[in-house]
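What follows is each chain in one-letter form.
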Amino acid sequence: MSEAPVDYHPMWEELGLDLDAHDMLLAAIPQLYAAAYLTQAKRPEGMAYFDFVMSEIHGLRIKELRDHQAAGGKVIGSFCLYVPEEIIRALGGLSVGLCAGAEFAYDEVERIMPRNTCALIKSFMGFKLAKVCPYLEASDLVVGETTCDGKKKAYELLGEMAPVYVVELPQMKNPGDLAFWRSEIDRLVAKLEEVTGRELTAENLAAAIKEVNDKRRALQRLNAARAADPAPISGKDALLAVQVAFYDDVPRFTQMVNKVADELEARVAANTGATPAGTPRVLVTGTPMAVPNWKVHDIIEKAGAVVVSEELCTGRRYYSKLVAEDRTTVDGMLDAVAEKYLDINCACFTPNPGRAEDIIRLAKEYKADGIVDYTLQSCGPYQIESSLVERAAQQAGFPVLRIDTDYSMEDIGQLSTRVEAFLEMLK
Ligand code: BJ8
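All figures in this text were calculated on a predicted structure; none of them were measured in a lab.

Caption draft 1: Representation of the side chain of E385. Locating E385 in the fold gives a position in helix 18 (residues 380–396). At 3.0 Å, the side chain of E385 forms a polar contact with the side chain of N352. In contact with E385, other than residues within four places in its own chain, are A347, N352 and R355.

Caption draft 2: Highlighting the environment of A421. Mapped onto the secondary structure, A421 falls in helix 19 (residues 412–426). Remark: the alpha-carbon pair of A421 and C313, spanning 108 residues in sequence, is separated by 27 Å.

Caption draft 3: Quick look at the packing of aromatic side chains. Counted according to the given criterion, the structure contains 14 aromatic pairs. Relative to F124, the ring of F79 lies with its centre 4.0 Å away and its plane at 20°, an arrangement referred to as stacked. With F79 in the loop between strand 1 (74–78) and helix 5 (85–90) and F124 in helix 7 (residues 119–130), this pair connects stretches of sequence that are 45 residues apart. Like F124, F79 is buried. Taken together through their ring pairs, the aromatic side chains of Y33, Y37 and W294 make up a single cluster. The side chain of K173 reaches across the aromatic face of F349, ending 4.6 Å from its centre. Of note, K340 hangs over the ring of Y341, and the distance from its end group to the ring centre comes to 4.5 Å.

Caption draft 4: A look at unusual backbone geometry. Cis rather than trans, the peptide bond between V291 and P292 has omega equal to 0°. Each neighbour pair has its own omega, and for T350 with P351 the value is -15°, a cis peptide bond. Within the secondary structure layout, P351 lies in the loop between helix 16 (330–342) and helix 17 (353–365).

Caption draft 5: The pairing of strand 7 (residues 370–376), seen in detail. Of all seven residues in strand 7, seven are buried; the element is thus mostly enclosed. Side-chain alternation along strand 7 places G370, V372, Y374 and L376 on one buried face and I371, D373 and T375 on a second face that is also buried. Where strand 5 (residues 281–286) lies against strand 7, five bridges are found, and the strand directions are parallel. The residue of strand 7 that forms the bridge with L283 is I371. With six bridges joining them, strand 7 and strand 8 (residues 400–405) adopt parallel strand pairing.

Caption draft 6: Quick peek at the nonpolar core. F50, F124 and Y135 are the most contacted members of the largest nonpolar core, which has 133 residues in total. In this structure, F50 is in contact with Y33, L240, A241, V244, F253, V257 and V260, ignoring residues within four places of it in sequence. Membership of the second largest hydrophobic core comes to 18 residues, among which are L362, A363, V389 and V400.

Caption draft 7: Quick look at the pattern of salt bridges. Under the definition given, this model contains 43 salt bridges. Among the ionic pairs, K128 bridges to E137, the shortest N-O distance being 3.1 Å. Given a relative accessible area of 8%, K128 falls into the buried group. Take E137: its relative accessible area is 18%, and that puts it in the buried class. Its salt-bridge partner being E194, residue K191 comes within 3.5 Å of it at the nearest N-O pair.

Caption draft 8: Spotlight on the sheet that holds strand 7. Read across the sheet, four strands follow the order 6-5-7-8 without closing on themselves; strand pairing throughout is parallel. At either margin of the open sheet sits one strand with a lone partner, and together these are strand 6 (306–311) and strand 8. Direction aside, neighbouring strands of the sheet carry axes that sit 25° apart on average. Lying over the sheet, helix 14 (residues 295–302) contacts strand 5, strand 6, strand 7 and strand 8, oriented at roughly 150° with respect to strand 6.

Caption draft 9: A look at the site of the ligand. Taken together, 17 residues sit near the ligand, with C80, C148, C313, C346 and C379 positioned nearest. Its residues assigned to classes, the shell around the ligand shows 14 nonpolar, two polar and one charged.

Caption draft 10: Focus on helix 11 (residues 202–224). Spanning 23 residues, helix 11 covers 32 Å between terminal C-alpha atoms, matching the ideal 33 Å at 1.5 Å per step. Taken together, the buried positions of helix 11 are A202, L205, A208, I209, V212, N213, K215, R216, A218, L219, L222 and N223. Buried positions along helix 11 lie against helix 5, helix 12 (235–245), helix 13 (250–269), strand 6, helix 15 (316–319) and helix 16.

Caption draft 11: Region of the structure containing the state of the cysteines. One pass over the structure, following the stated rule, counts one disulfide. Disulfide partner of C99: C133, at an S-S distance of 2.1 Å. Across the S-S bond linking C99 and C133, the dihedral sits near 75°, which makes this disulfide right-handed. Taken together, the residues span a long stretch of sequence, with C99 in the loop between strand 2 (93–97) and helix 6 (106–112) and C133 in the loop between helix 7 and helix 8 (134–138) at a distance of 34 residues.

Caption draft 12: Focus on empty space enclosed by the protein. In total, this model carries one cavity of 30 Å³ or more according to the counting rule given. Considered as a void within the structure, the largest cavity measures approximately 90 Å³ in volume. Considering the residues around the largest cavity, the lining is formed by E311, R316, R317, S320, K321, K340, D343, I344, N345, D358, R361 and L362. Listing elements by their share of the lining of the largest cavity, those giving two or more residues are helix 15 and helix 17. A breakdown of the residues in the lining of the largest cavity according to their chemical character gives two nonpolar, two polar and eight charged.

Caption draft 13: Up close: the side chain of T314. With respect to the helices and strands, T314 occurs in the loop between strand 6 and helix 15. The class for T314 is buried, based on a relative accessible area of 6%. In terms of polar contacts, T314 uses its side chain to reach the backbone amide nitrogen of M289, at 3.0 Å. Not counting residues within four places of it along the chain, the set of residues in contact with T314 comprises L239, V242, Q243, F246, P288 and M289.

Criteria and cut-off values
Residues numbered from 1 in each chain as written. Predicted model: local features only at pLDDT ≥ 70, side-chain atom pairs only at ≥ 80, totals over all residues. Heavy atoms only, no water. Helix = DSSP H or I, 4+ residues; strand = E, 2+ residues; numbered from the N terminus. Polar contact = N/O pair within 3.5 Å; in protein donor to acceptor, adjacent residues only side chain to side chain. Contact = heavy atoms within 4.5 Å. Phe/Tyr/Trp six-rings, centres within 6.5 Å; stacked < 30°, edge-to-face > 60°. Buried < 20%, exposed > 50% of the residue type's maximum accessible area, 1.4 Å probe, protein only. Lys NZ or Arg CZ within 6 Å of the ring centre and 35° of its normal. Pairing = 2+ DSSP bridges. Core = buried A, V, L, I, M, F, W, Y, C linked by side-chain atoms within 4.5 Å. Salt bridge = Lys/Arg side-chain N within 4 Å of Asp/Glu carboxyl O. Axes fitted to C-alpha atoms, helices over the stretch in contact; angles between N-to-C directions. Near = heavy atom within 4 Å. Nonpolar A, V, L, I, M, F, W, Y, C, P; charged D, E, K, R; others polar. Expected span 1.5 Å × (residues − 1). Disulfide = S-S within 2.5 Å. 1 Å grid on protein atoms, 1.4 Å probe; cavity = no way out; pocket = protein on both sides within 12 Å on 5 of 7 lines; lining within 4 Å. Points joined across faces, edges and corners; volume = space filled by probe spheres on them.

Right, here's the structure in full:
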(Lines give C-alpha, C1' and ligand atoms only; values in the text may rest on other atoms or scores of the structure.)
Protein backbone atom coordinates (compact mmCIF):
# COMPACT_ATOMS: atom_id res chain seq x y z
CA MET A 1 0.00 0.00 0.00
CA SER A 2 1.46 3.38 -0.92
CA GLU A 3 1.66 6.04 1.76
CA ALA A 4 -0.62 9.07 1.61
CA PRO A 5 1.25 12.14 0.31
CA VAL A 6 2.43 14.48 3.05
CA ASP A 7 0.74 17.88 3.18
CA TYR A 8 3.56 20.41 3.52
CA HIS A 9 1.27 23.46 3.52
CA PRO A 10 1.59 24.01 7.30
CA MET A 11 5.40 24.07 6.93
CA TRP A 12 5.24 26.46 3.96
CA GLU A 13 2.81 28.68 5.87
CA GLU A 14 5.16 28.75 8.85
CA LEU A 15 7.93 29.85 6.46
CA GLY A 16 5.76 32.74 5.29
CA LEU A 17 5.31 31.56 1.71
CA ASP A 18 2.46 32.94 -0.37
CA LEU A 19 0.59 29.64 -0.51
CA ASP A 20 -1.53 30.36 -3.58
CA ALA A 21 1.39 31.61 -5.65
CA HIS A 22 3.55 28.74 -4.42
CA ASP A 23 0.87 26.15 -5.31
CA MET A 24 0.80 27.65 -8.80
CA LEU A 25 4.58 27.32 -9.12
CA LEU A 26 4.60 23.76 -7.80
CA ALA A 27 1.88 22.74 -10.21
CA ALA A 28 4.04 23.78 -13.18
CA ILE A 29 7.28 21.98 -12.26
CA PRO A 30 6.09 18.33 -12.57
CA GLN A 31 4.81 19.01 -16.09
CA LEU A 32 8.06 20.63 -17.12
CA TYR A 33 10.02 17.80 -15.54
CA ALA A 34 7.93 15.06 -17.09
CA ALA A 35 8.24 16.61 -20.56
CA ALA A 36 12.01 17.01 -20.30
CA TYR A 37 13.00 13.97 -18.25
CA LEU A 38 10.43 11.21 -18.14
CA THR A 39 10.18 11.02 -21.93
CA GLN A 40 13.83 9.89 -22.18
CA ALA A 41 14.62 6.31 -23.14
CA LYS A 42 17.37 4.22 -21.53
CA ARG A 43 17.87 6.36 -18.46
CA PRO A 44 20.18 4.87 -15.83
CA GLU A 45 18.12 3.24 -13.08
CA GLY A 46 19.94 5.31 -10.48
CA MET A 47 18.26 8.43 -11.83
CA ALA A 48 15.11 7.28 -10.00
CA TYR A 49 16.64 8.93 -6.93
CA PHE A 50 16.78 12.25 -8.76
CA ASP A 51 13.17 11.85 -9.89
CA PHE A 52 12.28 11.43 -6.23
CA VAL A 53 14.34 14.47 -5.20
CA MET A 54 12.60 16.58 -7.83
CA SER A 55 9.19 15.36 -6.71
CA GLU A 56 10.03 16.51 -3.18
CA ILE A 57 11.96 19.64 -4.17
CA HIS A 58 9.96 21.95 -1.90
CA GLY A 59 8.78 19.22 0.45
CA LEU A 60 10.99 16.64 2.08
CA ARG A 61 14.26 18.54 1.63
CA ILE A 62 12.77 21.67 3.20
CA LYS A 63 11.50 19.53 6.06
CA GLU A 64 15.06 18.25 6.54
CA LEU A 65 16.34 21.83 6.62
CA ARG A 66 13.67 22.77 9.18
CA ASP A 67 14.52 19.72 11.33
CA HIS A 68 18.17 20.74 11.17
CA GLN A 69 17.24 24.22 12.36
CA ALA A 70 15.06 22.81 15.14
CA ALA A 71 18.13 20.91 16.34
CA GLY A 72 20.13 24.15 16.50
CA GLY A 73 21.77 24.12 13.03
CA LYS A 74 21.65 26.92 10.48
CA VAL A 75 20.79 27.10 6.80
CA ILE A 76 22.93 29.33 4.60
CA GLY A 77 21.78 30.22 1.08
CA SER A 78 23.75 31.47 -1.89
CA PHE A 79 23.51 32.11 -5.63
CA CYS A 80 27.09 31.59 -6.68
CA LEU A 81 29.89 29.06 -6.86
CA TYR A 82 32.28 31.34 -5.01
CA VAL A 83 30.60 30.79 -1.64
CA PRO A 84 32.66 28.04 0.04
CA GLU A 85 30.28 25.35 1.25
CA GLU A 86 33.12 23.62 3.15
CA ILE A 87 33.18 26.46 5.71
CA ILE A 88 29.40 26.48 6.11
CA ARG A 89 29.39 22.73 6.63
CA ALA A 90 32.29 22.80 9.09
CA LEU A 91 30.27 25.19 11.24
CA GLY A 92 27.29 22.83 11.30
CA GLY A 93 25.42 24.77 8.63
CA LEU A 94 23.65 23.41 5.58
CA SER A 95 24.53 25.16 2.35
CA VAL A 96 21.73 25.58 -0.19
CA GLY A 97 21.62 27.02 -3.68
CA LEU A 98 18.61 29.34 -3.91
CA CYS A 99 15.79 29.47 -6.48
CA ALA A 100 16.90 31.29 -9.62
CA GLY A 101 15.91 29.16 -12.60
CA ALA A 102 12.37 30.20 -13.54
CA GLU A 103 10.38 33.31 -14.42
CA PHE A 104 8.23 34.42 -11.54
CA ALA A 105 6.62 37.77 -10.60
CA TYR A 106 8.56 39.66 -13.28
CA ASP A 107 5.98 42.49 -13.17
CA GLU A 108 6.93 43.18 -9.59
CA VAL A 109 10.63 42.76 -10.32
CA GLU A 110 10.51 45.25 -13.18
CA ARG A 111 9.14 47.86 -10.81
CA ILE A 112 12.42 47.83 -8.88
CA MET A 113 15.04 46.89 -11.48
CA PRO A 114 15.54 47.36 -15.23
CA ARG A 115 13.63 45.13 -17.57
CA ASN A 116 16.89 44.17 -19.30
CA THR A 117 18.42 42.58 -16.20
CA CYS A 118 19.50 38.95 -16.75
CA ALA A 119 16.94 36.20 -16.12
CA LEU A 120 18.90 34.72 -13.22
CA ILE A 121 18.77 37.93 -11.19
CA LYS A 122 15.18 38.72 -12.15
CA SER A 123 14.27 35.18 -11.19
CA PHE A 124 15.72 35.29 -7.67
CA MET A 125 14.24 38.71 -7.02
CA GLY A 126 10.87 37.47 -8.30
CA PHE A 127 10.98 34.42 -6.05
CA LYS A 128 11.68 36.70 -3.09
CA LEU A 129 9.07 39.33 -3.92
CA ALA A 130 6.41 36.67 -4.51
CA LYS A 131 7.53 34.63 -1.47
CA VAL A 132 7.67 31.31 -3.31
CA CYS A 133 11.19 30.00 -2.61
CA PRO A 134 11.16 27.93 0.60
CA TYR A 135 14.97 27.66 0.46
CA LEU A 136 15.31 31.42 0.61
CA GLU A 137 12.64 31.79 3.29
CA ALA A 138 14.30 29.06 5.36
CA SER A 139 17.79 30.63 5.08
CA ASP A 140 19.23 32.10 8.25
CA LEU A 141 21.65 34.05 6.05
CA VAL A 142 22.18 34.60 2.33
CA VAL A 143 25.81 34.98 1.30
CA GLY A 144 26.16 37.16 -1.77
CA GLU A 145 29.30 38.05 -3.74
CA THR A 146 30.58 40.90 -5.83
CA THR A 147 30.71 39.10 -9.16
CA CYS A 148 28.76 40.94 -11.86
CA ASP A 149 27.31 44.43 -11.38
CA GLY A 150 23.75 43.16 -11.59
CA LYS A 151 24.18 40.73 -8.72
CA LYS A 152 26.08 43.26 -6.61
CA LYS A 153 23.26 45.76 -6.86
CA ALA A 154 20.52 43.13 -6.53
CA TYR A 155 22.00 42.05 -3.18
CA GLU A 156 21.44 45.58 -1.90
CA LEU A 157 17.73 45.24 -2.72
CA LEU A 158 17.55 41.68 -1.42
CA GLY A 159 19.24 42.86 1.78
CA GLU A 160 16.19 45.01 2.51
CA MET A 161 14.04 41.86 2.56
CA ALA A 162 16.32 39.12 3.94
CA PRO A 163 19.54 38.81 5.97
CA VAL A 164 22.31 39.17 3.37
CA TYR A 165 26.06 39.22 3.82
CA VAL A 166 28.27 40.02 0.82
CA VAL A 167 31.81 38.73 0.32
CA GLU A 168 33.98 40.87 -1.88
CA LEU A 169 35.55 39.00 -4.77
CA PRO A 170 38.55 40.45 -6.55
CA GLN A 171 38.24 40.94 -10.31
CA MET A 172 41.68 39.56 -11.18
CA LYS A 173 43.79 36.58 -10.10
CA ASN A 174 47.15 38.08 -9.25
CA PRO A 175 48.96 37.16 -5.99
CA GLY A 176 47.66 40.35 -4.36
CA ASP A 177 44.11 39.35 -5.33
CA LEU A 178 44.55 35.96 -3.73
CA ALA A 179 45.78 37.63 -0.51
CA PHE A 180 42.74 39.93 -0.56
CA TRP A 181 40.36 37.03 -1.23
CA ARG A 182 41.96 35.11 1.63
CA SER A 183 41.22 38.04 3.95
CA GLU A 184 37.62 38.02 2.73
CA ILE A 185 37.43 34.33 3.61
CA ASP A 186 38.50 35.24 7.16
CA ARG A 187 35.77 37.89 7.29
CA LEU A 188 33.23 35.31 6.08
CA VAL A 189 34.38 32.80 8.70
CA ALA A 190 33.86 35.41 11.43
CA LYS A 191 30.36 36.16 10.14
CA LEU A 192 29.42 32.49 9.88
CA GLU A 193 30.81 31.77 13.35
CA GLU A 194 28.60 34.55 14.67
CA VAL A 195 25.49 33.25 12.85
CA THR A 196 26.04 29.57 13.71
CA GLY A 197 27.40 30.14 17.23
CA ARG A 198 30.17 27.61 16.48
CA GLU A 199 33.90 27.83 16.08
CA LEU A 200 35.90 26.69 13.09
CA THR A 201 38.44 24.04 14.10
CA ALA A 202 40.99 21.96 12.21
CA GLU A 203 38.83 18.88 12.88
CA ASN A 204 35.48 20.20 11.66
CA LEU A 205 37.02 21.95 8.65
CA ALA A 206 39.08 18.91 7.59
CA ALA A 207 35.97 16.73 7.82
CA ALA A 208 33.88 19.17 5.77
CA ILE A 209 36.60 19.53 3.11
CA LYS A 210 36.76 15.75 2.78
CA GLU A 211 32.95 15.36 2.56
CA VAL A 212 32.53 18.07 -0.07
CA ASN A 213 35.53 16.73 -2.02
CA ASP A 214 33.90 13.28 -1.95
CA LYS A 215 30.78 14.84 -3.44
CA ARG A 216 32.83 16.47 -6.19
CA ARG A 217 34.78 13.22 -6.76
CA ALA A 218 31.49 11.35 -7.25
CA LEU A 219 30.43 13.91 -9.86
CA GLN A 220 33.82 13.61 -11.54
CA ARG A 221 33.28 9.84 -11.80
CA LEU A 222 29.79 10.19 -13.22
CA ASN A 223 30.98 12.73 -15.76
CA ALA A 224 34.15 10.87 -16.76
CA ALA A 225 31.94 8.11 -18.17
CA ARG A 226 30.42 10.60 -20.61
CA ALA A 227 33.63 10.60 -22.67
CA ALA A 228 32.54 7.21 -24.07
CA ASP A 229 30.69 6.79 -27.33
CA PRO A 230 27.88 5.77 -26.97
CA ALA A 231 27.34 8.25 -24.13
CA PRO A 232 26.00 6.26 -21.15
CA ILE A 233 23.79 9.08 -19.85
CA SER A 234 21.99 12.02 -21.37
CA GLY A 235 23.29 15.53 -20.82
CA LYS A 236 20.00 16.42 -19.19
CA ASP A 237 20.39 13.75 -16.52
CA ALA A 238 24.02 14.73 -15.89
CA LEU A 239 22.99 18.38 -15.60
CA LEU A 240 20.27 17.46 -13.11
CA ALA A 241 22.79 15.67 -10.89
CA VAL A 242 24.90 18.84 -10.61
CA GLN A 243 21.85 21.04 -10.05
CA VAL A 244 20.77 18.81 -7.16
CA ALA A 245 24.32 18.92 -5.70
CA PHE A 246 23.64 22.48 -4.58
CA TYR A 247 20.97 21.63 -2.07
CA ASP A 248 20.85 17.91 -1.30
CA ASP A 249 22.21 16.21 1.81
CA VAL A 250 25.93 15.78 1.08
CA PRO A 251 26.69 12.14 2.12
CA ARG A 252 23.40 10.85 0.68
CA PHE A 253 23.97 12.68 -2.59
CA THR A 254 27.52 11.33 -2.86
CA GLN A 255 26.29 7.80 -2.36
CA MET A 256 23.54 8.17 -4.97
CA VAL A 257 25.85 9.72 -7.56
CA ASN A 258 28.39 6.95 -7.03
CA LYS A 259 25.58 4.48 -7.62
CA VAL A 260 24.78 6.12 -10.95
CA ALA A 261 28.51 6.19 -11.77
CA ASP A 262 28.75 2.41 -11.11
CA GLU A 263 25.93 1.91 -13.56
CA LEU A 264 27.51 4.18 -16.18
CA GLU A 265 30.87 2.45 -15.91
CA ALA A 266 29.11 -0.91 -16.44
CA ARG A 267 27.37 0.55 -19.51
CA VAL A 268 30.67 1.79 -20.91
CA ALA A 269 32.26 -1.64 -20.32
CA ALA A 270 29.33 -3.27 -22.14
CA ASN A 271 29.46 -0.65 -24.90
CA THR A 272 25.85 0.39 -24.35
CA GLY A 273 24.55 3.91 -23.99
CA ALA A 274 21.61 6.22 -23.45
CA THR A 275 21.84 7.10 -27.15
CA PRO A 276 23.23 5.12 -30.10
CA ALA A 277 26.95 5.27 -30.95
CA GLY A 278 27.64 8.01 -33.45
CA THR A 279 25.01 10.41 -32.05
CA PRO A 280 26.29 13.97 -32.58
CA ARG A 281 28.09 15.14 -29.43
CA VAL A 282 27.81 18.66 -28.08
CA LEU A 283 29.65 20.54 -25.36
CA VAL A 284 27.67 23.32 -23.67
CA THR A 285 29.38 26.36 -22.15
CA GLY A 286 28.12 29.61 -20.65
CA THR A 287 25.95 30.93 -17.84
CA PRO A 288 24.63 28.66 -15.07
CA MET A 289 21.37 26.68 -15.38
CA ALA A 290 19.46 26.49 -12.10
CA VAL A 291 16.48 24.13 -11.62
CA PRO A 292 14.10 24.07 -13.54
CA ASN A 293 16.12 25.53 -16.38
CA TRP A 294 16.66 22.54 -18.68
CA LYS A 295 15.73 24.46 -21.80
CA VAL A 296 18.90 24.34 -23.89
CA HIS A 297 19.81 20.73 -23.06
CA ASP A 298 16.24 19.69 -23.82
CA ILE A 299 16.28 21.43 -27.21
CA ILE A 300 19.67 19.94 -28.16
CA GLU A 301 18.79 16.40 -27.11
CA LYS A 302 15.30 16.45 -28.62
CA ALA A 303 16.95 17.55 -31.87
CA GLY A 304 18.91 14.27 -31.88
CA ALA A 305 22.28 15.12 -30.29
CA VAL A 306 23.69 14.32 -26.86
CA VAL A 307 25.33 16.84 -24.54
CA VAL A 308 28.57 15.26 -23.31
CA SER A 309 29.95 17.95 -21.02
CA GLU A 310 29.03 21.28 -19.46
CA GLU A 311 31.58 24.04 -18.99
CA LEU A 312 29.13 25.72 -16.62
CA CYS A 313 28.82 26.56 -12.93
CA THR A 314 26.12 23.88 -12.95
CA GLY A 315 28.71 21.62 -14.54
CA ARG A 316 32.47 21.22 -14.50
CA ARG A 317 33.21 24.53 -12.83
CA TYR A 318 31.47 23.08 -9.77
CA TYR A 319 33.17 19.71 -9.46
CA SER A 320 36.40 19.64 -11.47
CA LYS A 321 38.69 21.08 -8.79
CA LEU A 322 39.08 19.95 -5.18
CA VAL A 323 40.26 21.69 -2.04
CA ALA A 324 43.73 20.34 -1.12
CA GLU A 325 43.45 17.84 1.73
CA ASP A 326 47.08 17.99 2.85
CA ARG A 327 46.85 20.93 5.29
CA THR A 328 46.71 20.43 9.04
CA THR A 329 45.94 23.86 10.50
CA VAL A 330 42.82 25.99 10.12
CA ASP A 331 44.89 28.70 8.43
CA GLY A 332 46.44 26.22 6.01
CA MET A 333 43.04 24.76 5.15
CA LEU A 334 41.54 28.20 4.59
CA ASP A 335 44.47 28.96 2.26
CA ALA A 336 43.53 25.83 0.33
CA VAL A 337 39.86 26.88 0.24
CA ALA A 338 40.83 30.36 -1.03
CA GLU A 339 43.11 28.90 -3.73
CA LYS A 340 40.51 26.43 -4.97
CA TYR A 341 37.71 28.96 -5.18
CA LEU A 342 39.75 31.69 -6.85
CA ASP A 343 40.62 29.13 -9.52
CA ILE A 344 37.03 29.08 -10.88
CA ASN A 345 36.88 30.43 -14.43
CA CYS A 346 33.99 32.88 -14.18
CA ALA A 347 33.60 35.54 -16.87
CA CYS A 348 33.30 38.17 -14.13
CA PHE A 349 37.13 37.99 -13.89
CA THR A 350 39.48 39.80 -16.19
CA PRO A 351 41.25 38.36 -18.01
CA ASN A 352 39.73 34.89 -17.91
CA PRO A 353 41.86 32.80 -20.30
CA GLY A 354 41.36 29.59 -18.30
CA ARG A 355 37.77 29.30 -19.48
CA ALA A 356 38.51 29.14 -23.22
CA GLU A 357 41.39 26.74 -22.51
CA ASP A 358 39.05 24.47 -20.53
CA ILE A 359 36.42 24.55 -23.25
CA ILE A 360 38.86 23.40 -25.91
CA ARG A 361 40.47 20.76 -23.68
CA LEU A 362 37.02 19.39 -22.76
CA ALA A 363 35.77 19.44 -26.33
CA LYS A 364 38.74 17.26 -27.29
CA GLU A 365 38.54 14.98 -24.25
CA TYR A 366 34.79 14.40 -24.66
CA LYS A 367 35.06 14.07 -28.45
CA ALA A 368 32.56 16.87 -29.03
CA ASP A 369 31.50 17.53 -32.61
CA GLY A 370 30.44 21.08 -31.79
CA ILE A 371 30.07 23.65 -29.01
CA VAL A 372 26.93 25.48 -27.92
CA ASP A 373 27.73 28.77 -26.21
CA TYR A 374 24.71 29.61 -24.08
CA THR A 375 24.32 33.04 -22.53
CA LEU A 376 21.50 34.70 -20.71
CA GLN A 377 20.36 37.90 -22.38
CA SER A 378 21.74 41.01 -20.66
CA CYS A 379 24.61 39.07 -19.12
CA GLY A 380 27.45 41.34 -20.20
CA PRO A 381 30.38 39.25 -18.92
CA TYR A 382 29.40 36.05 -20.73
CA GLN A 383 28.01 37.75 -23.83
CA ILE A 384 31.23 39.68 -24.35
CA GLU A 385 33.33 36.61 -23.63
CA SER A 386 31.43 34.79 -26.39
CA SER A 387 33.74 36.33 -28.99
CA LEU A 388 36.77 34.86 -27.21
CA VAL A 389 35.08 31.48 -26.92
CA GLU A 390 34.17 31.54 -30.59
CA ARG A 391 37.69 32.50 -31.66
CA ALA A 392 39.32 29.78 -29.53
CA ALA A 393 36.85 27.18 -30.81
CA GLN A 394 37.35 28.12 -34.43
CA GLN A 395 41.13 28.00 -34.06
CA ALA A 396 40.79 24.50 -32.61
CA GLY A 397 38.40 23.48 -35.39
CA PHE A 398 35.14 23.22 -33.41
CA PRO A 399 31.95 24.71 -34.87
CA VAL A 400 30.11 26.97 -32.40
CA LEU A 401 26.46 27.89 -32.07
CA ARG A 402 25.72 30.97 -29.96
CA ILE A 403 22.43 30.92 -28.07
CA ASP A 404 21.33 34.08 -26.32
CA THR A 405 18.13 33.47 -24.43
CA ASP A 406 16.19 33.81 -21.18
CA TYR A 407 13.85 31.58 -19.16
CA SER A 408 10.77 32.08 -21.31
CA MET A 409 9.50 29.35 -23.61
CA GLU A 410 8.63 31.76 -26.41
CA ASP A 411 11.79 31.25 -28.43
CA ILE A 412 11.83 27.44 -28.24
CA GLY A 413 10.60 26.98 -31.82
CA GLN A 414 13.17 29.38 -33.22
CA LEU A 415 16.00 27.90 -31.10
CA SER A 416 15.05 24.37 -32.12
CA THR A 417 15.31 25.34 -35.79
CA ARG A 418 18.76 26.87 -35.26
CA VAL A 419 19.97 23.85 -33.26
CA GLU A 420 18.67 21.44 -35.92
CA ALA A 421 20.53 23.39 -38.63
CA PHE A 422 23.68 23.33 -36.49
CA LEU A 423 23.45 19.57 -35.96
CA GLU A 424 22.90 19.07 -39.69
CA MET A 425 26.14 20.97 -40.27
CA LEU A 426 27.98 18.78 -37.74
CA LYS A 427 27.10 15.68 -39.75
S1 BJ8 B 1 30.85 31.88 -10.61
S2 BJ8 B 1 28.89 32.44 -13.54
S3 BJ8 B 1 27.44 31.46 -10.42
S4 BJ8 B 1 28.85 34.77 -10.90
S5 BJ8 B 1 24.09 35.40 -15.73
S6 BJ8 B 1 24.00 36.97 -12.56
S7 BJ8 B 1 27.10 36.72 -14.37
S8 BJ8 B 1 24.53 38.89 -15.45
S9 BJ8 B 1 25.62 33.83 -12.57
FE10 BJ8 B 1 27.58 33.24 -11.91
FE11 BJ8 B 1 29.05 32.84 -9.77
FE12 BJ8 B 1 30.21 33.48 -12.07
FE13 BJ8 B 1 29.16 31.09 -11.74
FE14 BJ8 B 1 25.55 38.17 -13.61
FE15 BJ8 B 1 25.61 37.00 -15.96
FE16 BJ8 B 1 23.34 37.19 -14.66
FE17 BJ8 B 1 25.29 35.58 -13.77
